Amino acid sequence: MTDISLSGPSAADRTIPPAARAMRLPTQWLGVAPFIIFALMFLILPTLYLIIGAFQNADGAFTLQNIADLAQPTIVAAYWISIKVSVASSLLGAFIGLAIAIAIVRGGLPNWTRSAALTFSGVASQFAGVPLAFAFLATLGRLGLLTVLLRSIGFDLYQHGFNVLSFWGLTLTYLYFQIPLMVVIIVPAIDGLKKEWGEAAATLGATQWQYWRMVVIPVLWPSFLGTFILLFANAFGAIATAYALTGSSLNIVPIVLYAQIRGDVLHNANLGYAIAFGMIFITGLANVFYIWFRTRSERWLK
Amino acid sequence: MKSGKFWAWVTFILGAAYFFIPLIATLEFSMRMKRGEYSFEAYRVVLGDARFQESFTFSVVAAIFTIILGVLLVVPTAYWIRLRLPQLRPVVEFVTLLPLVIPAIVIVFGYIRMYGSSSPLPFLASGFGTNALLVIGYATLALPYMYRAVDTGLRTIDVRTLTEAAQILGAGWTTIIGRVILPNVLIAVLSGAFLTFAIVIGEFTVASLLNRPAFGPYLQNMGANRAYEPAALAIIAFAITWGCMSLIQVLSRFAPKSANRPN
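Per chain, residue numbering runs from 1 following the sequence as it is written. Ligands are numbered from 1 and chains lettered from A, in the order in which they are written. pLDDT decides what is reported in this predicted model: residues at 70 or higher carry local features, side-chain atom pairs at 80 or more are listed and counted, and totals for whole chains, interfaces and linings draw on all residues regardless. By convention in this description, side-chain values take in all heavy atoms of the structure and omit both hydrogens and water.

## Focus: the overall build of chain B
A tally of helices and strands in chain B yields 12 helices and zero strands. Every helix listed is a DSSP run of H or I at least four residues long, and every strand listed is a run of E at least two residues long, numbered separately from the N terminus. Going from N to C terminus, chain B has its helices and strands arranged as α-α-α-α-α-α-α-α-α-α-α-α. Across its three principal directions, the C-alpha atoms of chain B cover 75 × 70 × 30 Å. Exposure categories follow from relative accessible area, calculated using a 1.4 Å probe and restricted to protein chains: below 20% of the type maximum is buried, above 50% is exposed, and the middle band is partly exposed. Across the 263 residues that make up chain B, the buried fraction comes to 52%. Considering only contacts within chain B whose residues lie at least 6 apart along the sequence, 74% involve residues at least 24 apart. Roughly 12,200 Å² of accessible area belongs to chain B as shown, and the carbon and sulfur atoms make up 67% of that amount. In what follows, a contact means two residues having at least one pair of non-hydrogen atoms within 4.5 Å. Only the protein chains shown count as cover for residues, with accessible areas throughout obtained via the Shrake-Rupley method and a probe of 1.4 Å.

## Brief notes about the packing of aromatic side chains
Whether two aromatic rings pair depends on their centres lying within 6.5 Å, for rings of Phe, Tyr and Trp, where Trp uses its six-membered ring; planes under 30 degrees apart make the pair stacked, over 60 edge-to-face, and the rest tilted. For the structure shown, the criterion picks out 43 aromatic pairs over all chains. For the ring pair A:Phe167 and A:Trp168, a centre distance of 5.0 Å and an interplane angle of 70 degrees mean the geometry is edge-to-face. Pairwise contacts between aromatic rings join A:Phe120, A:Phe127, A:Phe136, A:Tyr176, B:Tyr18, B:Phe19, B:Phe20, B:Phe238 and B:Trp242 into one cluster. Both a distance and an angle decide whether a charge sits over a ring: NZ of Lys or CZ of Arg must be within 6 Å of the ring centre and within 35 degrees of the ring normal. One cation-aromatic arrangement involves A:Lys84 over A:Phe167; the distance from NZ or CZ to the ring centre is 5.5 Å.

## What to know about the environment of B:Ala62
All names here are of chain B. Relative to the assigned elements, Ala62 resides in helix H3 (residues 50–83). C-alpha of Ala62 to C-alpha of Pro86: the two residues are 24 residues apart in sequence and 33 Å apart in space. Excluding residues that lie within four positions of it along the chain, Ala62 makes contacts with Leu134, Val135, Tyr138 and Val200.

## Concerning the nonpolar core
We define a nonpolar core as any set of buried Ala, Val, Leu, Ile, Met, Phe, Trp, Tyr and Cys residues linked to one another through side-chain atoms lying within 4.5 Å. Among the nonpolar cores identified, the biggest contains 176 residues, and A:Tyr79, A:Tyr174, A:Tyr176, A:Leu257, B:Ile105, B:Val106 and B:Leu154 are the most heavily contacted of them. Among residues more than four places away in sequence, those in contact with B:Leu154 are B:Ala78, B:Tyr79, B:Arg82, B:Val159, B:Ile181 and B:Val185.

## Things to note about the interface of chain A and chain B
Counting residues at the interface gives 77 residues for chain A, matched by 78 residues for chain B. We define a salt bridge as a contact between a side-chain nitrogen of Lys or Arg and a carboxyl oxygen of Asp or Glu at a distance within 4 Å. On the surface where chain A and chain B come into contact, there are zero salt bridges. For the side of chain A that touches chain B, the leading source of residues is helix H4 (residues 33–54) of chain A, giving 13 residues. Throughout, the ten residues Ala, Val, Leu, Ile, Met, Phe, Trp, Tyr, Cys and Pro are labelled nonpolar, Asp, Glu, Lys and Arg are labelled charged, and all others, Gly among them, are labelled polar. Residues of the side of chain A that touches chain B, tallied by class, amount to 56 nonpolar, 17 polar and four charged.

## Observations concerning the confidence of the model for chain A
On average, chain A scores 83 in pLDDT, and the residues at 70 or more come to 89%. Per-residue confidence from the predictor is reported as pLDDT, a score between 0 and 100. In the model, residues 1–16 of chain A has pLDDT below 50 throughout and makes 10 contacts with residues more than four positions away in sequence or in other chains.

## Points about the packing of H3(B) against helix H8 (residues 173–184) of chain B
Residue and element names in this part refer to chain B. To obtain each axis, a line is fitted to C-alpha atoms, and for helices this fit is confined to the stretch in contact; angles are then taken between N-to-C directions over 0 to 180 degrees. Their axes nearest at 12 Å, the elements H3 and H8 cross at an angle of 95 degrees. Between H3 and H8, the angle falls in the class roughly perpendicular. Residue-level contacts link Val71, Val75, Pro76, Tyr79, Trp80 and Leu83 of H3 to Trp173, Ile176, Ile177, Ile181 and Leu182 of H8. In terms of residue class, the contact of H3 with H8 is made up of 11 nonpolar, no polar and no charged. Any angle that falls under 35 degrees is termed roughly parallel, while one over 145 is termed roughly antiparallel, one within 65 to 115 roughly perpendicular, and all others oblique.

Right, here's the structure in full:
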């Protein structure tokens with residue numbers, strides 16, 4: 001027993017006198033210095049550069065003009081459609097993903113459905129970008145398989161106002177990576193619902209509905225909301241799928257910013273910074289909520 | 001309970017349909033290049049295209065360098081955090097999650113403005129520098145996944161005891177990390193590596209804005225100009241992603257099952 005406690009981490013810590021600890025401090029930090037320098041140079045400073053630039057004019061003086069200039073109709077419209085696509089795809093993705101997760105964990109399906117769905121979700125959640133756009137063009141484009149099939153049975157999608165290059169087309173495409181991401185993240189949370197809670201509820205005379213309303217939903221709620229916000233940020237920053245799908249016909253914010261970087265279409269570099277700042281602001285705000293809900297949900301999922 | 005099972009099946013089958021129909025449609029479309037018959041003509045054209053080979057090779061090389069950079073950056077850091085600076089863990093975790101918060105397009109926009117030809121660190125002044133910046137950008141995008149994978153791997157071994165044992169035997173830090181820690185977390189590192197590979201191969205935004213001849217911009221270009229080849233490329237890209245994820249699955253079976261947790 002004694003030799004185990006001697007080699008234990010807490011025992012090893014206690015044997016170091018406080019003075020030696022203080023002496024060792026600089027070398028302690030050397031171990032993480034490469035990471036810190038990398039993160040500063042290639043993650044934090046470039047972002048800060050844009051954020052500061054958003055509040056400067058061309059001569060470097062402080063101004064709020066760039067932020068005010070975001071109020072142009074085209075930019076506002078771009079933000080608005082980005083927010084709509086992100087909200088729609090993350091809301092639908094979260095609910096559909098939750099339904100699938102509940103079906104495979106609690107639905108009494110054979111075991112293979114669970115592992116198949118989880119493996120596929122792992123793949124599909126990474127299958128974003130340009131190839132995904134091609135897949136949806138081949139499915140729901142004017143000559144896509146589903147479009148042609150539906151037309152052959154007398155239902156013309158495009159006559160009914162559907163277009164894969166539209167808001168709903170984009171949302172439907174985004175769901176292809178949003179739903180699997182939800183499944184991957186929420187399944188552990190559903191696994192964390194202890195069987196005993198159901199039994200305890202049943203012992204106290206709860207109906208199935210009461211068990212869901214008073215146990216399952218309150219426990220899952222923070223994870224659900226947290227993942228929803230993560231999905232939102234995920235959709236909001238995505239550009240490749242939309243760009244390959246619609247070219248520049250659907251002006252979401254990342255596409256406007258992309259055009260600005262490539263060609264200075266706004267003729268004002270600092271306005272580009274302001275657009276980038278707006279994106280960071282929105283995803284940042286979403287993630288503040290995410291972290292808050294994560295810490296709340298972790299209480300239950302030990 | 002019976003109806004519960006029924007609805008579970010309905011959900012599962014509807015979900016499966018949503019995910020498989022686009023794949024089937026893409027496969028079907030990709031084989032329609034020759035009129036009136038199914039053939040692999042589009043695949044033959046794509047695979048024989050010199051620009052496909054060039055851009056794909058470029059992306060594979062970029063992915064390999066990204067993985068090396070990621071491992072060199074993440075393994076020592078995650079190890080050191082576990083061993084000596086646990087109080088720094090929340091900060092480092094927060095930083096590694098930032099690339100999920102800050103859109104890739106914003107990060108690369110920052111690079112273009114900070115490291116232009118006239119800046120103190122002119123990465124973009126030369127082709128080599130731009131390639132280096134591309135790899136750095138990829139490593140940044142892969143950081144959340146790499147760090148998570150390595151940190152999970154480290155959790156399953158007793159970092160402190162291994163380190164002390166190695167130190168008693170006279171090993172230096174390079175030996176400890178290279179010959180004691182790394183082999184123990186190799187499977188976790190490889191999982192991170194394959195995920196990184198899958199991300200880098202199809203990446204579009206960074207490569208396109210840095211004007212690199214990578215696979216992602218090539219894909220986009222094909223999509224804008226051709227009909228059947230893009231579908232073939234989508235199937236190839238999906239197969240690559242699938243291959244990487246299957247390898248992760250296979251590897252995770254070999255991973256140590258947290259025999260002795262240090263904490």
